[in-house]
Amino acid sequence: MMKMNWEGLTTDQVNKQLAEYGKNQLEQKQKEPFYLKVFHIILEPMFLLLVVAALIYFFLGEPKDGLIMLTFVAVIIAIEVVQEWKTDQTLNALKDLSAPKVKVIRNKQTVEILSEDLVPGDVMLIEEGVKIPADGFVMKANDLRVNESSLTGEAEAVWKKLALTEENTGKDYWRDDYVYTGTLVTTGSATILVDKTGTQTEYGKIGKHLATVENMPSPLDKQIGKLVKVCATIAFIFLLLVAVVTFFNDRNLAFGDRIIQSILSGITIAMAMIPEEFPVVLTIFLSMGAWRLAKKQSLIRKLPAVETMGSVSVLAVDKTGTITENKMTVSDSWIKDQASQQRFTEIVGLACETEPYDPMEIAILEYAAEHNWDKEALFSNELITEYPFTDELKMMGHVWQRSGKPTIAVKGSPESVLAISTLSPEDKRVITHEIKQFAKRGLRVLVVGEQVVAEKSEIPASIEECSLTFLGLVGLSDPPRLGVKNDILQCRKAGIKVVMITGDNGITASAIAKQVGIANADYAMTGNEIDQLTEVELAEKVKGVNVFSRVTPEHKMKIVKAIKQNDEVVAMTGDGVNDAPALKYADIGIAMGKRGSEVSREAADLILMDDNFSTIVNTIKDGRRIYDNIKKAIGYIFVIHIPIALTALFGPLLGIAQSALFLLPTHVVLLELVIDPTCSVVLERQPSEPDIMNRPPRSRYENILSSKLLLKSVVQGLIIFAASFGAYYLSLQQAPTNDELARTMGLTVLIVANIFLVMVNSSNHLLGIQTFVQLRRDKVIWGILGGTIVALLGLIYSPINGFLDLAALSMSQLASCALLGMAAVCWYDVVKLVKNKMEKNSQLAMENKQI
C-alpha cells in the first residue's frame, strides 16, 4: 500500500501522475465521423428529392439549374451540420456542468475536482450518497457502509473498516478495507487513499457501465415523427397526382421530355409538403432551452425533460432543504429532570458522530458546545462500539468508556427511542404531550436516552436490546425558505398540486406545510397508513392528501406510482440515496445540486444547482414557454408549407407550362432556407405568454398539433396562398410571356408574408407590432428579419435574379407586393383583438359573479 500523505498531493505530483496514468475515465465511445453525419442528412427525404431534381436538370441539359440545386443542397447540409454542431457544443457544455465531482485534499487544502481528474495517491473524501469514482484504501472511516451490488451482485451493503495492510487477509476477493469504483456510499463518511483509476479499477477491468444512456424517443419525439411520416405519405400521393396531370398537360413535348417534366413537377410538390424542419426545430428548441435553464441554475440531464417540465401537474417535494433552509438549529429542549442539564447535554453530544456530516448532528454539537461540552471534552474517551442509524430503526447510538463504565448514548425518533426506554404510563403520557407541543411549533423532535452497564460483556448486541433511561427531548428548527410561500401560491394558480413528502412526524410536517401555504395541510398520511392500503385504494386516497409523513424510500415509490395512476405528470425532488428509486420512477426527477448525493443526481432528469424551490417554479414556467414556442413553430411550418404545396399543385392543374410555374424546385429550396432559421431562431427566443402560469397544466395525452392549431394554420395558409398565387397569376395573365415578373411578384408576397407571419404568430395575445417592440433590442431577431429583407432585395435587384428566373420590380410593384403580403397575415391581429376583448369581458363577469 502506497504511503498516505495527509496533506494531499501537490500540483506537480498530480501532473506527474496524470502523465503516467491518464484521466480517470473508462473507454470512451468513438464519435460519429463527419462524413457519416453528412451521409445521414442526405438520406433524409428532402435531400434525396433535391439530388434527384439536380440530376434531372443535368439530364435535360440545364447544367445551370442543376448547379443551383446542388449549391442549395450544400448550403442546407452546411446549415444542418452547423446546427447539429452547436447542439453538440451545448450538450457537451451541459455534460461538463453535470460531471461527477469529488472532494480531495491537495496542497494542504480540501478542494472539489472533477472525478476524471483523480490520480493514484490522491486523498479522497467520501460521504453518504457519493458514487465512489476510484478504487482505494480506507484510511479513516465514520460509520462507512457501501453498496457494492453493481460489482458483486449482493444487495446488502458492506460495513468498511480501516486498511492496515496492502495484503487481503480475508477469504473473499472483495475487501472490506477497500472501496471500489461505481459503488455507492449508503452511510457514513471516510478518507480514502486512491489506489487505482480509470481502466485499472475493478469496474474498468470488467467493463461494466453502471449508468447507460437510453436513447428512447420521448412522447414529443414520437408525435413529431408521426407528423413527418403523415406529411411524407401525403406528399408522395400528391407527387404521383401532379406527375400524372403534368404528363397529360404537356402534350406538345416529346414522350421522354414529358416524363421528365412530370417527375420534376411531382418532386416540386413533394419538396413543398415534407416538413423536414420538425426534427430540426425540436432539437434546437430543447437544446437551447436546456442551455437557458442551465444559466438559471437548473441543469437538464435529459433533453425531453425540458418540454415535460411544462406539463407537470403534481410537484412532490421533500421538506428538508427544499421547503426549508436545511440549516438546523436547536431551538428548544425539554429535560425530564432539570437538575441533570449537564448530563443531558453530555449524552446527546456523545450520541453524535465525532465528525458529523448531518445538519442535525452539527446543530446538536453546537448546542453542546454552548453548554460547556465541546468536541474535545466529549470525545476524549474510548469509543467502544456504535449502533449505526438505519431507515428502519430511525435511531442510533454510541458506546463510550466513561468513568470506568461503558455508557450507551442514544438519540432518534420518539417512536423508536421511547419503545426501548423504561417509562411508566404516566411518564409516557407527559412526554408524548411535550412532543406534540414541540411538533405543533414545526420543530423536529429527537428523544435522548442512556444506559450504563458494568462491563463491556454486558453491552447489548443491538440497539433494540437496550433498556434506556429517558433523559429529554431536543427540538430542532429548520425555517422555511424565503419566498417559498409565494412560489407555492404561484403553483396553485398554475393548477399544480404541491405535495410534501417527509420522514418527519405528521404534526411537524403539517405545521411546516401550513406555514408555506400547502393546501389540505391539517392531515398527514403516514407510512404505516400507506402499508395498509392496496394500490387501487392508495391511488384514490392520494387525490385528497398533500402531506405524507414518516415515509421510507419504498413509501415514496408507492406515492409517486399512485399519483401517476391518476394520469398526473409528477415531478419529484430528492437528495439522498434513498430518493433515487422514486426520482427514477417520477416523470421528472429533480435532484439537489449542492447537498444532493451523486446517486440522486444520476437518477434525476433535472439538477437544481442552487437547491432553490423558486428555481423549480421558474423551470416549470420555462418548460411551458418552450412547449408553447414549439407549438407555434410547428403551426408556422404548417402555415408556410400550405401555400408552397398548393402553388405546386395548382400550376399543373391550371395547365401552366412547367417553365412558367410559380415555384420551381430551386425556389422551393430557397424558401426552405428562409423557413428553417426563421422559425427555429426567432420563435425559440419568444418570451412566455402573460397567462402562462395562470392556466392549468396540459394533459399528458394532448396532441402537439391540436385541431384548433391545425384549423388556424390551414386558414392562414390558404389566405397567404390566395395572396401570393393571386399576385403571380394575375401578373402572368397580363403578360403571359413574362413569367419571370409574375414569379417575382408572387415570391415577394410570399416572403413578406413569412416575415409578418413570424411576428403575428409569436404570441397568442400580443399583436405583431407589440411582439416586435418587445424584442426590438434583440440583435439576433434584427439579424434574422433584416437579413431576410436584404436577401429578398438581393434576389430581386442583383444579377442573381437571372439565374433564378426572376425579374426586377418597380417601386410601385414592390410596394403593392409588400402591402399584400402584410395584409395576408395581419388580419389575424384583428382576430386576437376580438379574442382578448371577449376573454376580458368573461373574466370581469366571473369576478362580478364572485362578488
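Here, every reference points to the structure presented above.
Let me begin by describing the structure that accompanies this report. (Residues numbered from 1 in each chain as written. Predicted model: local features only at pLDDT ≥ 70, side-chain atom pairs only at ≥ 80, totals over all residues. Heavy atoms only, no water.)

Next up on the list: the overall build of the chain. Counting its regular elements, the chain contains 31 helices and 21 strands. Here the chain holds 851 residues, and the buried ones make up 53% of them. When contacts within the chain are restricted to residue pairs at least 6 apart in sequence, long-range pairs at least 24 apart make up 73% of them. Element-wise, carbon and sulfur atoms account for 58% of the exposed surface of the chain, whose accessible area totals about 38,500 Å². (Helix = DSSP H or I, 4+ residues; strand = E, 2+ residues; numbered from the N terminus. Buried < 20%, exposed > 50% of the residue type's maximum accessible area, 1.4 Å probe, protein only. Contact = heavy atoms within 4.5 Å. Areas by Shrake-Rupley, 256 points an atom, 1.4 Å probe, with all protein chains shown as cover.)

Right, let's talk about the nonpolar core for a bit. Side chains of nonpolar character tend, in soluble globular proteins, to be buried together. Counting residues in hydrophobic clusters, the biggest one holds 110 residues, and the most contacted among them are Leu-315, Ile-323, Ile-590 and Phe-613. Residue contributions to this core peak at 18 residues, all from helix α24 (residues 613–653). Both domains that meet at this core, namely domain 2 (217–293 + 619–848) and domain 3 (298–325 + 481–611), each give it at least three residues. The contacts of Ile-590, once residues within four sequence positions are left out, are Met-309, Leu-315, Ala-571, Met-572, Thr-573, Gly-574, Leu-583, Ala-604, Leu-606, Leu-608 and Ile-616. If you look at the next biggest cluster of nonpolar residues, it comprises 25 residues, including Val-330, Trp-400, Val-474 and Leu-476. (Core = buried A, V, L, I, M, F, W, Y, C linked by side-chain atoms within 4.5 Å. Domains from an automatic or database assignment.)

It is worth spelling out the layout of surface pockets at this point. If you add up the space inside the second largest pocket, you get close to 850 Å³. For the second largest pocket, the lining is made up of 31 residues, of which Lys-631, Ser-706, Lys-708, Asn-764 and Lys-835 are closest to its centre. Elements supplying a minimum of two residues to the lining of the second largest pocket: α24, α26 (707–734) and α31 (811–850). Each residue belonging to the lining of the second largest pocket can be placed in one class, and the counts come to 10 nonpolar, nine polar and 12 charged. (1 Å grid on protein atoms, 1.4 Å probe; cavity = no way out; pocket = protein on both sides within 12 Å on 5 of 7 lines; lining within 4 Å. Points joined across faces, edges and corners; volume = space filled by probe spheres on them. Nonpolar A, V, L, I, M, F, W, Y, C, P; charged D, E, K, R; others polar.)

Next up on the list: the sheet that holds strand β8 (residues 298–300). The eight strands lie next to each other as β8-β21-β20-β19-β9-β16-β18-β17, forming an open sheet whose pairing is mixed. Every other strand in the sheet has two partners, leaving β8 and β17 (525–526) as the edge strands with one partner each. Across three bridges, the pairing between β8 and strand β21 (residues 606–608) is antiparallel. Residue pairing across strands places Ile-300 opposite Leu-606, the latter belonging to β21. Sitting on the sheet, helix α18 (residues 506–516) is in contact with β16 (497–501) and β18 (547–549), with an inclination near 150° to β18. (Pairing = 2+ DSSP bridges. Axes fitted to C-alpha atoms, helices over the stretch in contact; angles between N-to-C directions.)

Any two side chains of opposite charge can pair, so long as their charged atoms come close to each other. Summed over the entire model, instances satisfying the criterion amount to 30 salt bridges. Glu-346 serves as the salt-bridge partner of Arg-402, at 2.5 Å between the closest nitrogen and oxygen. Taken together, the residues Arg-402 in strand β12 (residues 395–402) and Glu-346 in helix α12 (residues 341–350) connect sequence positions 56 residues apart. On the basis of relative accessible area, Arg-402 is assigned to the buried category, the value being 8%. The class for Glu-346 is buried, based on a relative accessible area of 8%. (Salt bridge = Lys/Arg side-chain N within 4 Å of Asp/Glu carboxyl O.)

Let us now look at the sheet that holds strand β14 (residues 444–452). Read across the open sheet, the six strands follow the order β10-β15-β14-β13-β12-β11; overall the sheet is antiparallel. Lying at the two open borders of the sheet, with one neighbouring strand each, are β10 (329–335) and β11 (383–387). Across the sheet, the mean angle from the axis of one strand to that of its neighbour is 20°, orientation sign disregarded. Strand direction decides the pairing type here: β12 and strand β13 (residues 405–412), joined by eight bridges, are antiparallel. Across the sheet, Met-396 pairs through a bridge with Lys-411, a residue of β13. Taken strand by strand, helix α16 (residues 425–440) contacts β10, β14 and β15 (469–477), and its axis lies near 10° from that of β15.

Taken together, Leu-55, Phe-58, Leu-67 and Leu-70 make up a surface patch of nonpolar side chains, about 360 Å² in accessible area. If you list the elements that add at least two residues to the nonpolar patch, you get α3 (45–59) and α4 (63–97). For Leu-67, the position within the fold is in helix α4. (Patch = residues over 30% accessible without salt bridge, like charges linked within 9 Å, V, L, I, M, F, W, Y side chains within 5 Å.)

All right, on to the environment of Glu-537 then. Summarising the element assignment, Glu-537 is placed in helix α20 (residues 535–541). The class of Glu-537 is partly exposed, set by a relative accessible area of 41%. With 25 residues separating them in the primary sequence, Glu-537 and Ala-562 have C-alpha atoms 8.9 Å apart. A polar side-chain atom of Glu-537 sits 2.9 Å from the main-chain amide nitrogen of Thr-534. (Polar contact = N/O pair within 3.5 Å; in protein donor to acceptor, adjacent residues only side chain to side chain.)

Over its 19 residues, helix α29 (residues 779–797) runs 26 Å from end to end, which matches the ideal 27 Å to within 8%, given 1.5 Å per residue. Listed as buried for α29 are Ile-781, Leu-785, Thr-788, Leu-792, Leu-795 and Ile-796. Along the axis of α29, the buried residues cluster in a sector spanning 105°; they form a single face. Opposite the buried face of α29, by more than 90 degrees, sit the exposed residues Lys-779 and Val-790. (Expected span 1.5 Å × (residues − 1). Arc of directions from axis to C-beta.)

All right, on to helix α17 (residues 484–493) then. Looking at α17, one finds that the buried residues are Val-484, Asp-487, Ile-488 and Cys-491. Projected onto a plane normal to the axis of α17, the buried residues spread over an arc of 95° and lie on a single side. Across α17 from its buried face, at more than 90 degrees, point the exposed residues Lys-485, Asn-486 and Lys-493. Along its buried surface, α17 packs onto β9 (314–318), α11 (319–323), β16, α18 and α24. Immediately downstream of α17, the backbone of Gly-495 shows phi near 75°, a positive value.

Moving on to the packing of aromatic side chains. The tally for this structure, following the rule as stated, stands at 14 aromatic pairs. Measuring from ring centre to ring centre gives 6.4 Å for Phe-662 and Phe-725, while their planes differ by 50°; the resulting arrangement is tilted. Pair noted here: Phe-662 is in the loop between α24 and α25 (665–682) and Phe-725 is in helix α26, with a separation of 63 residues, a long-range link. No difference in accessibility class separates Phe-662 from Phe-725, as the two residues are buried. For the pair Trp-827 and Tyr-828, a centre-to-centre distance of 5.7 Å together with 85° between the ring planes defines the contact as edge-to-face. Relative accessible area serves as the criterion here: at 26%, Trp-827 is assigned to the partly exposed category. On the accessibility criterion, Tyr-828 (10% relative accessible area) is buried. It is Arg-441 that lies over the ring of Phe-438; its NZ or CZ is 5.6 Å from the centre. (Phe/Tyr/Trp six-rings, centres within 6.5 Å; stacked < 30°, edge-to-face > 60°. Lys NZ or Arg CZ within 6 Å of the ring centre and 35° of its normal.)

With respect to the element layout, Thr-615 can be found in helix α24. With a relative accessible area of 5%, Thr-615 lands in the buried category. Apart from the residues lying within four places of it in its own chain, the contact partners of Thr-615 are Lys-296, Gln-297, Ser-298, Leu-608 and Asp-610.

Closest axis-to-axis distance for the α24/α26 pair is 8 Å, and the angle between their directions is 40°. Accordingly, the angle class assigned to the pair α24 and α26 is oblique. Here α24 and α26 pass one another in a crossing that is right-handed. Two secondary-structure elements touch here, α24 through Lys-631, Gly-635, Phe-638, Val-639, Ile-642, Pro-643, Leu-646, Thr-647, Phe-650 and Gly-651 and α26 through Leu-709, Leu-710, Ser-713, Val-714, Gln-716, Gly-717, Leu-718, Ile-720, Phe-721 and Phe-725. Tallied by class, the residues present in the contact of α24 with α26 amount to 13 nonpolar, six polar and one charged. (Parallel < 35°, antiparallel > 145°, perpendicular 65-115°, else oblique. Left-handed = near helix turned anticlockwise from the far one by under 90°.)

Helix-helix packing is described using two parameters, namely the angle between the two axes and the distance between the axes. The geometry of α24 relative to helix α27 (residues 739–760) is characterised by a closest axis approach of 11 Å and an angle of 165° between their N-to-C directions. Looking at the two axes, α24 sits roughly antiparallel to α27. Judged by the twist between their axes, the crossing of α24 over α27 is right-handed. For the pair formed by α24 and α27, the contact residues are Tyr-636, Val-639, Ile-640, Pro-643 and Ile-644 on the first element and Leu-750, Asn-754, Leu-757 and Val-758 on the second. The residue inventory of the contact of α24 with α27, partitioned by class, reads eight nonpolar, one polar and no charged.

Attention now goes to the pairing of strand β7 (residues 184–196). Of all 13 residues in β7, 11 are buried; the element is thus mostly enclosed. Inspection of the sheet shows strand β3 (residues 123–127) paired to β7 by five bridges, in the antiparallel sense. The residue bridging Met-124 from the neighbouring strand is Ile-192, located in β7. Both strand β4 (residues 135–147) and β7 contribute to a ladder of 10 bridges, which runs antiparallel.

Honestly, it's all geometry; don't read function into it.
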